[in-house]
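Chain by chain, the residues:
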Amino acid sequence: MASLPLCRSPSSILPSWHHRPISANFHSRIPSSTAVAHVSVQDPPAPPPDSSPNGNQFSSNTRHIWVNPNSPRAAGVARSHIGSSHRTRLASAASVLGACEPSEAAVAAALEAAFLKPPSEQDAVIVLNTAATSPETAVLALRWFIEHAEVRKKAILYNVVLKLLRKKRRWSETEALWSEMLQDGVQPDNATFSTIISCARACGLPTKAVEWFEKMPEFGCSPDMLTYSAVIDAYGRAGNAEAALSLYDRARAEKWQLDPVICSTVIKVHSTSGNFDGALNVFEEMKAVGVKPNLVVYNTMLDAMGRAMRPWVVKTIHREMIDKKVQPSRATYCCLLHAYTRARYGEDAMAVYRLMKDEAMVIDVMLYNMLLSMCADIGYVNEAEEIFRDMKASMDARSEPDSWSYSSMVTLYSSTANVLAAEGILNEMLEAGFKPNIFVLTSLIRCYGKAGRTDDVVRSFRMLEDLGINPDDRFCGCLLSVAANTQAEELGKVINCIERSNAQLGTVVKLLVDKSASSESFREAASDLLNSARGVVKMPYCNCLMDLCVNLNQMEKACALLDTAQQLGIYTNIQTRTQTQWSLHLRGLSVGAALTTLHVWMNDLYTALQSGGEGLPPLLGIHTGQGKNTYSDRGLATMFEAHLKELDAPFHEAPDKAGWFLTTSVAAKHWLEEKSSELVAV
């Protein structure tokens, strides 16, 4: 029996049709030429008129492929054509709606033209979801669809528009649409509440998020995990950490499946409330139950431990993050910089900074200023100069130096008494259009004071007056520090500046300098000053005043001031006593305050020795701390060691306890008896 070709068109209809095997028709291919294929399940099209010179009946750009309407393939092709056409109409409707004015008439006209027949619920969802409309237009379109579409569940359409309002962060419109929804008799569902709660959270309204969460039972809705996560965060932001943690505890007790979102939220709640141990516990707990921390969790933990001033924990978490192949983001590096600069981990901070530069990440002026402030505090001159050069060379406006940048550089050079460099930065600051603020002038005066340039100190003070800046406590403390290191013949110039800045402080300094003034009158004036001063400046004032007393050989007034400061609780736990050791704690004191305290302690030891009571313990110790001293370019330990040698005191630096000087009671007793008359006269 002769075989017939498959799927060939009848020769009576298309005598010249180029026939192909049916298998070629059904293979999905991309034509190698630019020809356009028209697939049809209708009758084969009639050939176009012969218009080509070579007699071909079809254009070279068009191919017509006919599919047998009786084959199984035909139904799929037909549905595809219908679906494609429908999607095109919906896309066109969304486009027209997006261009519509937010008026009821314009929206109605656009949608009526797009839908000649009532649209389905799915059509309405697609158009509302894809149309790039304003919130006002979306609400008008929603009303039209509610009235004209074949809607089975109106809440679905309301939820679509609520999500749009959330995206646009339009809270008032969200509340208005909720009221309209209830008036329309529509029952809200879980998605409705979840969307509204997350909208309130996105709009920075945590109390509203909590309010809507608490409405859910009223409408028979139960929150899902995403809603719980949003509400835990909302409680935290609203300051109700107790409620947030209560929800988290409930999640744990009821064995809910924890996820990184919830854990990150709880860590943030702990961090915001200052419970950094709690944040660390949640982080370790989530890993113990098998929840893998993601980038957000790691960044949240880095931020929390940075706030907690635990840079060693930050380093551990960052190392774990790298080991787990979690790719750090810019936010990660920002958290690392925050942590390391606050803790003054100079090497680590600079390593992160250089890595960010290598990765071409945006470093804004806030991050630059944090680095410069750290460098100024720990004396990283070369590193600060590198950072400042990078700021000025940056083409990004967000990285340009501001007044704080210049202030940090002046502070840096002031700490090393580099007058030329400090003045150079001041000139750059003025050329950049910034006026020096009180921080710049405070640093500049400190720089001139360290360099012994009293006239420049006075000139800078006049600049402060010319700019109309009111001296603050920190500025007055700086002048007091300068006075403590000024030669006696020029001291009056600085005292005049102090008096014009703070009359009460000026009076105390005058009584201190005046050798004819009694220690009792000085004590009373100093007590009044310290009682009225802010807490943060009381100890700096005492330290500087005692430095000045020691420099002017006014030890009686220095001792009176120390006694007053101890009575007011400014200096606490300076002396400690156990059965085996008596200790003197000088860490944080200026050189003058430390020497005054030593003088008083030695007299106390001598008195205890002479009293014939319990006597001295086996060990005596002086703790000076180690490192740089705030009130001296040299460390207190170095200064103190030299002074102890001058006194021929038997205290020696402990080899196994940094910053401690120790002696035995036997050596101390012999020395006290030998030097008692000199000690009283010190």
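Keep in mind it's a predicted model, so treat the numbers as computed, not measured.

Student: What's the story with the overall build of the chain in this structure? I'm lost.
Tutor: If you tally the helices and strands in the chain, you get 32 helices and seven strands. Relative to its 682 residues, the chain shows a buried fraction of 46%.

Student: Sorry if this is basic, but what is going on with the sheet that holds strand β3 (residues 575–577) here?
Tutor: Think of a sheet as strands paired side by side through backbone hydrogen bonds, with each pair either parallel or antiparallel. Here we have five strands laid out as an open sheet, ordered β3-β4-β5-β7-β6, and mixed in their pairing. With one partner strand each, in any of the chains shown, β3 and β6 (652–653) form the two edges of the open sheet. Here strand β4 (residues 581–585) runs beside strand β5 (residues 619–623); their pairing, made up of five bridges, is parallel. Bridge pairing links Ser583 to Gly621 in β5. Its contacts with the sheet place helix α30 (residues 591–611) against β3, β4 and β5, and it is angled at close to 160 degrees to β4. Packing of helix α31 (residues 636–647) onto the sheet brings it into contact with β5, β6 and β7 (660–664), and relative to β7 it is tilted by some 30 degrees.

Student: How should the pattern of salt bridges be read in this particular structure?
Tutor: For side chains of opposite charge, pairing can occur when their charged atoms come near one another. All told, the structure shown has 30 salt bridges when counted by the stated rule. The closest approach of N and O atoms between Arg398 and Asp396, which form a salt bridge, is 2.9 Å. What makes Asp396 partly exposed here is its relative accessible area of 24%. Put simply, Asp456 and Arg453 hold a salt bridge, and the shortest N to O gap is 2.7 Å. You can call Asp456 buried: its relative accessible area is 15%. Accessibility expressed as a relative area gives 32% for Arg453, which makes it partly exposed. Within this structure, Arg354, Lys357, Glu386 and Asp390 form a network of salt bridges that share partners.

Student: Please clarify how the packing of aromatic side chains should be interpreted in this entry.
Tutor: Two aromatic rings are characterised by how far apart their centres lie and by the angle between their planes. Following the criterion strictly, the structure yields 18 aromatic pairs and no others. Put simply, the rings of Trp171, Trp178, Phe193, Trp212 and Phe219 pair up and form one aromatic cluster. Of note, Lys657 hangs over the ring of Trp660, and the distance from its end group to the ring centre comes to 4.5 Å.

Student: Teacher, can you tell me more about the environment of Val297 here?
Tutor: Checked against the element boundaries, Val297 lands in helix α14 (residues 295–307). With a relative accessible area of 0%, Val297 lands in the buried category. Sequence spacing of Val297 and Phe283 is 14 residues, and the spatial spacing of their C-alpha atoms is 8.1 Å. Setting aside its immediate chain neighbours within four residues, Val297 contacts Pro260, Ser264, Ile267, Phe283 and Met286.

What counts and what doesn't
- Residues numbered from 1 in each chain as written.
- Predicted model: local features only at pLDDT ≥ 70, side-chain atom pairs only at ≥ 80, totals over all residues.
- Heavy atoms only, no water.
- Helix = DSSP H or I, 4+ residues; strand = E, 2+ residues; numbered from the N terminus.
- Buried < 20%, exposed > 50% of the residue type's maximum accessible area, 1.4 Å probe, protein only.
- Pairing = 2+ DSSP bridges.
- Contact = heavy atoms within 4.5 Å.
- Axes fitted to C-alpha atoms, helices over the stretch in contact; angles between N-to-C directions.
- Salt bridge = Lys/Arg side-chain N within 4 Å of Asp/Glu carboxyl O.
- Phe/Tyr/Trp six-rings, centres within 6.5 Å; stacked < 30°, edge-to-face > 60°.
- Lys NZ or Arg CZ within 6 Å of the ring centre and 35° of its normal.

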